[in-house]
Amino acid sequence: MSTNLRVILDQPEIPGNTGNLIRLAAITGFELHIAGPTLFDFSDTKLRRAGLDYHDLAVMTEHENLEAAYAALNPQRIFAFTGEGTTRHVDIEYRPGDVLLFGRESTGLDDHVKQDSRITDLVRIPMLPGRRSLNLANSVSIAVYEAWRQQGFDGAV
């Protein structure tokens, strides 16, 4: 993917989801950034199993916390994905260098993160009423594929 899209997971909790996203990063070419603390270490067998043999093909960086990730990436635009978002994920014109930010599986993004002045927009993925949330790995997949689609699936076969 030549879009230089970057995804930050803020404090992910489930190793299988992170493993699936490592695999997705390898397949689609986005940069995966993990902002700690996490509730697992990266030798976790569930994480390794979910990522299969794609770990070496993915660009993944661990950061001590979200502030450290922001400092390393120096993003121009940060799209925070939340059920409270007002902009649909398909209504954004994604650009190189954009950051897609996702919260932990159990609670999503903290309120102070969503209210941070560096957040460009709060983004939602449409769902039927009365449903609480999508799985983290599914949400990231939907957003990444939309951004890649807008780039004509550049680099894909």
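Scroll up for the structure.
Let me begin by describing the structure that accompanies this report. What you see is a predicted model, and the numbers here were worked out from it, not measured in a lab.

Of note, Glu105 is situated in the loop between strand E6 (99-102) and helix H4 (111-114). We note that Glu105 is buried and unpaired, the nearest opposite charge coming from Arg104 at a distance of 7.3 Å. A distance of 3.1 Å separates the side chain of Glu105 from the side chain of Asn17, its partner in a polar contact.

This part covers the environment of Arg77. Among the structural elements, Arg77 can be located in the loop between helix H3 (66-73) and strand E4 (78-81). For Arg77, a relative accessible area of 14% corresponds to the buried category. Each C-alpha atom of the pair Arg77 and Pro96 lies 9.7 Å from the other, and the pair is 19 residues apart in sequence. Those residues in contact with Arg77 that lie beyond four places of it in its chain are Ile92, Glu93, Tyr94, Arg95, Asp98, Val99 and Thr120. For Arg77, the side chain forms a polar contact with the main-chain oxygen of Glu93, separated by 2.7 Å. Among the polar contacts made by the side chain of Arg77, one reaches the side chain of Asp98 at a distance of 2.7 Å.

With respect to topology, 7 strands assemble into an open sheet ordered E3-E2-E1-E6-E4-E7-E5, the strand pairing being parallel. Single-partner strands in this sheet number two, and they are strand E3 (59-63) and strand E5 (87-88). In terms of strand pairing, strand E2 (residues 31-35) meets E3 through 5 bridges, oriented parallel. Of the residues in E3, the one forming a bridge with Ala35 is His63. Most of the contacts of helix H1 (residues 15-28) go to E2, to which it runs at about 155°, and overall it touches strand E1 (6-10), E2 and E3. Helix-sheet contacts for helix H5 (residues 136-150) involve E1, E4 and E6, and the interaxial angle to E6 is about 160°.

All right, on to the layout of surface pockets then. Quantified by volume, the largest pocket comes out at close to 550 Å³. Thr82, Gly83, Arg132, Ser133 and Leu134 are, among the 25 residues lining the largest pocket, the residues nearest its centre. Those elements that provide at least two residues to the lining of the largest pocket are strand E7 (121-124) and H5.

Criteria and thresholds
- Residues numbered from 1 in each chain as written.
- Predicted model: local features only at pLDDT ≥ 70, side-chain atom pairs only at ≥ 80, totals over all residues.
- Heavy atoms only, no water.
- Helix = DSSP H or I, 4+ residues; strand = E, 2+ residues; numbered from the N terminus.
- Buried < 20%, exposed > 50% of the residue type's maximum accessible area, 1.4 Å probe, protein only.
- Lys, Arg positive; Asp, Glu negative; His and termini not counted.
- Salt bridge = Lys/Arg side-chain N within 4 Å of Asp/Glu carboxyl O.
- Polar contact = N/O pair within 3.5 Å; in protein donor to acceptor, adjacent residues only side chain to side chain.
- Contact = heavy atoms within 4.5 Å.
- Pairing = 2+ DSSP bridges.
- Axes fitted to C-alpha atoms, helices over the stretch in contact; angles between N-to-C directions.
- 1 Å grid on protein atoms, 1.4 Å probe; cavity = no way out; pocket = protein on both sides within 12 Å on 5 of 7 lines; lining within 4 Å.
- Points joined across faces, edges and corners; volume = space filled by probe spheres on them.

In short, the description is geometric, and any link to function would need to be established separately.
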